[in-house]
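Residue-level listing of the chains:
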Amino acid sequence: MSTHYRHLVLADRIEIEKLVEQGFSQSAIAIHIGVHRSTISREIRRRSWQPEQSHANLRPYLRNKLDTRMPRSRLYLAGQAQVHADKRAKLSHQPYRLNNDMLVDWILSHLRKGWTPEEICGRLRSEFPNSHSMRLSPETLYSWIYSPRQKHRQLWQYLPRGHKRRRRLSGRRVHSERIKFRVSIHDRPESVESREEFGHWESDSVLGLRGSGALHTTVERTSRYLFAVKIPTVDASSTLHAQKSVYSSLPKHSVKTVTVDNGKEFSFHYKLKAETGIPTYFADPYSAYQRGTNEHFNGRIRKYLPKGTSFDDVSQDEINEIVQEINNRPRKVLGWATPAEVFQELTLS
C-alpha cells in the first residue's frame, strides 16, 4: 500500500483509535492506514490529550466507579483529534503576524516611501534584532497587500510596478541594430559574470515622452550602484557625453567594462574605448536578462517617472534625488546593506 503523505480524515482517526486500544505499534498502524509511520507518530503526539478526572470522556476508561485513578498515558480519541485538527486547519495560512499594530505601522510607512516588500522584510531583522514579532516574509506581505480585507487601502499602488492584481512579469524586448565594431557579450571576460570583481557596469536608456529627451542609466554590477544622466536626445553623441561625464568622475579601478543592449545610442562605443580605455560589450538581441541588473533599476526609476512622462520639466537635480533615494535602499543581495554603502567601500579600497 502506498505511504505517500496525505491529510488524515475522521475515518482514519477512528481506525487509529481502535488500533491504539488494541496495542498495535505505530508502524503497524501506518501500514494499515496506508500512510508513513511519521504521519501516525505526529498525529498521536499532537492529538492525544490528558483528560481531567471528572471529564465525561474519561468514564469509559475507568474500570468501575470506585476507580478514581487517572490513566498514566495520554489518550487518543478520534472525535477529540478531529476537532483539534479542524481548529488548526482554520488557523493555518493566516497572516497572524500582521495583527501586530507596530509591525503594520512600520510596513505602511516604508511602503509609502517606495520600499519593496523584500526590502521591508529584510530590513526588519536589523531594525528589530531582539523582537521576533517584527519578522515577516515577502510572500506573506504580498499576500496581505492583495488580500480582500486590505482592498480599501489600495496598497498595490506603492509597489514597484503598481499592478492592481498579481501577475507574472514579462521582460521588455529590445531591438537589434547594426553597430560598427560591435563586440559580443560572449567575448567578455569570465570574471565579469561572477560579480566578484568591482568595476563592471551595465548601461541603457530610459525614454521620456516623444521629443522630451531621455535618461542614460548605468549600474555597477557588484555594488548595484546607479547613475542616471539626462540627455536631450537618444543618439550616440549624447550617450557618449553622458558616459564620459560619469566615468571620468570615478577612480580608474572603478570602471573596467560596460555591457549594453543593441540600441543605436551606443554606436560610438569604440570612441569611448579610444578616449577612456573602457571596452563595451553588447548583449544578444532580445536578451535583456543578460543585463538584468540595469533592467531592474530602470524599473525602479519608472516608479518615479512612469512611461509617458515628459522629461522637459525634469531637471538633473530632481533625477539626482531619485537616484540617491534608490541607492540608499537596502538590498537583499548585499546582505541588506545599501548600494551607496557598498560602492563607497569598494571605491575607497
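Everything here concerns the structure above.
Cut-offs and rules
Residues numbered from 1 in each chain as written. Predicted model: local features only at pLDDT ≥ 70, side-chain atom pairs only at ≥ 80, totals over all residues. Heavy atoms only, no water. Helix = DSSP H or I, 4+ residues; strand = E, 2+ residues; numbered from the N terminus. Buried < 20%, exposed > 50% of the residue type's maximum accessible area, 1.4 Å probe, protein only. Areas by Shrake-Rupley, 256 points an atom, 1.4 Å probe, with all protein chains shown as cover. Phe/Tyr/Trp six-rings, centres within 6.5 Å; stacked < 30°, edge-to-face > 60°. Lys NZ or Arg CZ within 6 Å of the ring centre and 35° of its normal. Axes fitted to C-alpha atoms, helices over the stretch in contact; angles between N-to-C directions. Parallel < 35°, antiparallel > 145°, perpendicular 65-115°, else oblique. Contact = heavy atoms within 4.5 Å. Nonpolar A, V, L, I, M, F, W, Y, C, P; charged D, E, K, R; others polar. Pairing = 2+ DSSP bridges. Expected span 1.5 Å × (residues − 1). Salt bridge = Lys/Arg side-chain N within 4 Å of Asp/Glu carboxyl O.

K.L.:
Just to check I follow, could you spell out the overall build of the chain for this structure?
P.N.:
A count of helical and extended segments in the chain gives 13 helices and five strands. Taking all 349 residues of the chain together, 43% fall into the buried category. When the accessible surface of the chain is totalled, it reaches about 20900 Å², and 50% of it is carbon and sulfur.

K.L.:
Where do I start with the packing of aromatic side chains in this structure?
P.N.:
Aromatic ring pairs: the centre-centre distance and the angle between the two ring planes describe each pair. Summed over all chains, the structure comprises 11 aromatic pairs. When the ring of Trp106 is compared with that of Phe128, the centres are 5.9 Å apart and the planes differ by 80 degrees; the resulting orientation is edge-to-face. With Trp106 in helix H5 (residues 101-112) and Phe128 in the loop between helix H6 (117-127) and helix H7 (138-145), the pair connects residues that are 22 residues apart, well separated along the chain. Phe128 matches Trp106 in its accessibility class, with the two residues each being buried. Between the aromatic rings of Phe268 and Tyr270, the centroid separation amounts to 6.3 Å while the plane-to-plane angle is 75 degrees, which identifies the pairing as edge-to-face. For Tyr270, a relative accessible area of 29% corresponds to the partly exposed category. Through pairs of rings, three or more aromatic residues link up here, namely Phe198, Trp201, Tyr225, Phe227, Tyr247 and Phe343. Here the basic side chain of Lys271 rests over the ring of Phe268, its NZ or CZ set 3.8 Å away from the ring centre. When the ring centre of Phe297 is taken as origin, the NZ or CZ atom of Arg300, which lies over that ring, is 5.6 Å away.

K.L.:
Explanation requested: the packing of helix H1 (residues 10-21) against helix H3 (residues 37-47) in the structure shown.
P.N.:
Taken N-terminus to C-terminus, the directions of H1 and H3 make an angle of 85 degrees; their axes are 12 Å apart at the nearest point. It follows from the interaxial angle that H1 and H3 lie roughly perpendicular. Residue-level inspection shows Arg13, Ile16 and Val20 of H1 in contact with H3, the latter providing Ile40, Glu43, Ile44 and Arg47. Residues of the contact of H1 with H3, tallied by class, amount to four nonpolar, no polar and three charged.

K.L.:
I tried to follow the sheet that holds strand E2 (residues 214-220) on my own but got confused; where do I start?
P.N.:
Strands in a sheet are paired, the pairing made by backbone hydrogen bonds, and the direction either parallel or antiparallel. One open sheet holds the five strands; their spatial order is E3-E2-E1-E4-E5, and the pairing between them is mixed. The open sheet has two edge strands, strand E3 (226-231) and strand E5 (280-282), and neither has a second partner. This sheet shows a mean twist of 25 degrees between the axes of neighbouring strands, independent of strand direction. As defined by bridge partners, E2 adjoins E3 across six bridges and the pair is classed as antiparallel. Across the sheet, Thr217 pairs through a bridge with Ala228, a residue of E3.

K.L.:
What is the right way to read the environment of Gly208 from this model?
P.N.:
Relative to the helices and strands, Gly208 resides in the loop between strand E1 (200-207) and E2. Among the residues examined, Gly208 registers a relative accessible area of 17% and is labelled buried. Here the alpha-carbon distance between Gly208 and Val314, two residues 106 residues apart in the chain, equals 10.0 Å. Sequence-distant contacts of Gly208, defined by excluding residues within four places in its chain, comprise Gly213, Ala214, Thr309 and Phe311.

K.L.:
Please explain H5 as it appears in this structure.
P.N.:
For the α-helix, the turn length of 3.6 residues means that residues three or four positions removed from each other point alike. Given a rise of 1.5 Å per residue, 12 residues ought to cover 16 Å, and the 17 Å separating the end C-alpha atoms of H5 matches this to within 8%. Buried residues of H5: Leu103, Val104, Trp106, Ile107, Leu108, His110 and Leu111, and no others. Residues of H5 that are buried make contact with H6 and H7.

K.L.:
Please explain the pairing of E1 as it appears in this structure.
P.N.:
Side-chain direction in a regular strand flips from residue to residue, so the side chains alternate between the two faces of the sheet. For E1, a buried count of seven out of eight residues is recorded, marking the element as mostly surrounded by other parts of the structure. Where E1 and strand E4 (residues 257-260) come together, three bridges link them in parallel fashion. The partner of His200 across the bridge, within E4, is Thr257. Two elements, E1 and E2, share seven bridges in a ladder whose sense is antiparallel. Directly across from Glu202, in E2, lies its bridge partner Val219. In this structure, the hairpin formed by E1 and E2 is closed by a connection of six residues, where Gly211 is found at a positive phi of approximately 85 degrees.

K.L.:
Could you clarify how one ought to interpret the pattern of salt bridges in this entry?
P.N.:
Tallying each qualifying case throughout the model produces 13 salt bridges. Measuring nitrogen to oxygen at the nearest pair gives 2.5 Å for the salt bridge that ties Glu275 to Lys244. Here Glu275 is found in helix H10 (residues 269-276), whereas its partner Lys244 is found in helix H9 (residues 236-247), with 31 residues between them in sequence. Of the residues examined, Glu275 reaches a relative accessible area of 46% and is grouped as partly exposed. Given a relative accessible area of 31%, Lys244 falls into the partly exposed group. The closest approach of N and O atoms between Arg329 and Glu325, which form a salt bridge, is 3.5 Å. Arg329 sits in the buried class, given a relative accessible area of 4%. Within the structure, one salt-bridge network assembled from shared partners comprises Arg13, Glu43 and Arg47.

K.L.:
Just to check I follow, could you spell out helix H11 (residues 292-304) for this structure?
P.N.:
A rise of 1.5 Å per residue sets the reference length of H11, with its 13 residues, at 18 Å; its end C-alpha atoms lie 19 Å apart and thus fit the reference within 8%. Every buried residue of H11 is accounted for by Thr293, Asn294, Glu295, Phe297, Asn298, Gly299, Arg300, Ile301 and Arg302.

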